[in-house]
Structures are given as C-alpha cells and as structure tokens.
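# Structural characterization, general
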Amino acid sequence: MSMFGGEKEQAVRFPFELSDEEWRARLTPEQYRVLRGHGTERPGSCALNFEKRAGTFSCAGCGQPLFRNLTKFESGTGWPSFNEPLEGAVATTEDRSFMMVRTEVHCANCGGHLGHVFPDGPPPTGLRYCINGVAMEFEPAEG
C-alpha cells in the first residue's frame, strides 16, 4: 500500500502536513523532487555523504531529527548511510517501483521520502539506511 494513497488506497496522515503549493515554496526543486516525488539524487552528488562531524541529520522538509552521525558509515554507494535512525523518527512502507520490492524510508513526521533500508549494513543492526542527502539537513553538535 502506498503511504500517499492512490485510486483504491487511502492516504496516510502525518503530524506535519502542507499543501503541495506550500511544499513547493518551502523546498528547493531537487528537495521537492526527492521528498515529495519519491525521487533519488545522483550518487555522490551531495556533500552530506562526506559529513563526518558529530551532529544530527534532520528532515529537510520539516526539521525532524532523523539520524545521529554516530550511526553513519561509509557504504560505498554514493549516498549517506546509517545503521539506525533515532527512535520514532522514520517509518517504512513497501516500495514496488522499478519491478523490485524494497523498503522505503520516510519521515514519520511529514511523510517525506528519504530513501530505502536494506539488510546489508554493519553490526549491531545489520541494516543500511541509504538516505538521499538532499532530503536532510545537518546540524553540527555544539562544543
């Protein structure tokens, strides 16, 4: 079931919602394409892939904290990868696009598409949250 609904599906509601016009005004065209249109940025195209400072990655759509840099790792895929989100920060749905079955990751607060999660990550979770950098903002830790 698509989280945004379709002809025979009911759309899911999120705590933070805006009209399409408000989303377009709030986001850059690339952020809108990824977060609201389920797009994917080119691998290696986002500076957040190389971010190594301590801090927090948040949703570029609504500001909800998603991941801490302590859970980030180099996956070699060209996208920021994490092995664990912050508790309650993300939700998942089944994605059957492109003739494959994947698990889509979206912001639990606004529903924005972040990327996908795969079962090939490092311990302790064994998960790889492969996240579009353009879908996030980074706030360095103070100190």
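Look a little higher up for the structure.
Residues numbered from 1 in each chain as written. Predicted model: local features only at pLDDT ≥ 70, side-chain atom pairs only at ≥ 80, totals over all residues. Heavy atoms only, no water.

Another aspect to go through is the pattern of salt bridges. For the structure on display, the rule yields five salt bridges. One salt bridge connects Arg24 with Asp20, and the closest N-O pair in it is separated by 3.0 Å. With Arg24 and Asp20 both in helix α1 (residues 20-26) and four residues apart, this pair spans about one turn of that helix. Note that Arg33 and Glu30 form a salt bridge whose closest N and O atoms lie 2.9 Å from each other. Placement of the pair is Arg33 and Glu30 together in helix α2 (residues 29-35), with a separation of three residues, close to one helical turn. Taking relative accessible area as the criterion, Glu30 reaches 30% and is therefore assigned partly exposed. (Salt bridge = Lys/Arg side-chain N within 4 Å of Asp/Glu carboxyl O. Helix = DSSP H or I, 4+ residues; strand = E, 2+ residues; numbered from the N terminus. Buried < 20%, exposed > 50% of the residue type's maximum accessible area, 1.4 Å probe, protein only.)

This paragraph deals with the packing of aromatic side chains. What the rule picks out here adds up to five aromatic pairs. Seen in terms of ring centroids, Phe16 and Trp23 are 5.8 Å apart; in terms of plane orientation they differ by 65 degrees. Their pairing is edge-to-face. Take Trp23: its relative accessible area is 4%, and that puts it in the buried class. The interplanar angle of 15 degrees and the centroid separation of 4.2 Å between the aromatic rings of Phe67 and Phe82 together place this pair among those described as stacked. Taken as a pair, Phe67 in strand β2 (residues 65-68) and Phe82 in strand β4 (residues 81-82) lie far apart in primary sequence, 15 residues in all. Taken as a pair, Phe67 and Phe82 share a single burial class, namely buried. (Phe/Tyr/Trp six-rings, centres within 6.5 Å; stacked < 30°, edge-to-face > 60°.)

Below, the discussion takes up the sheet that holds strand β6 (residues 102-107). Strand order across the open sheet formed by six strands is β3-β4-β8-β7-β6-β5, with antiparallel pairing between neighbours. Where the open sheet ends on each side, the last strands, each with one partner, are β3 (72-73) and β5 (90-95). Strand direction decides the pairing type here: strand β7 (residues 113-118) and strand β8 (residues 128-131), joined by four bridges, are antiparallel. Bridging from a neighbouring strand, Gly115 pairs with Ile131 of β8. (Pairing = 2+ DSSP bridges.)

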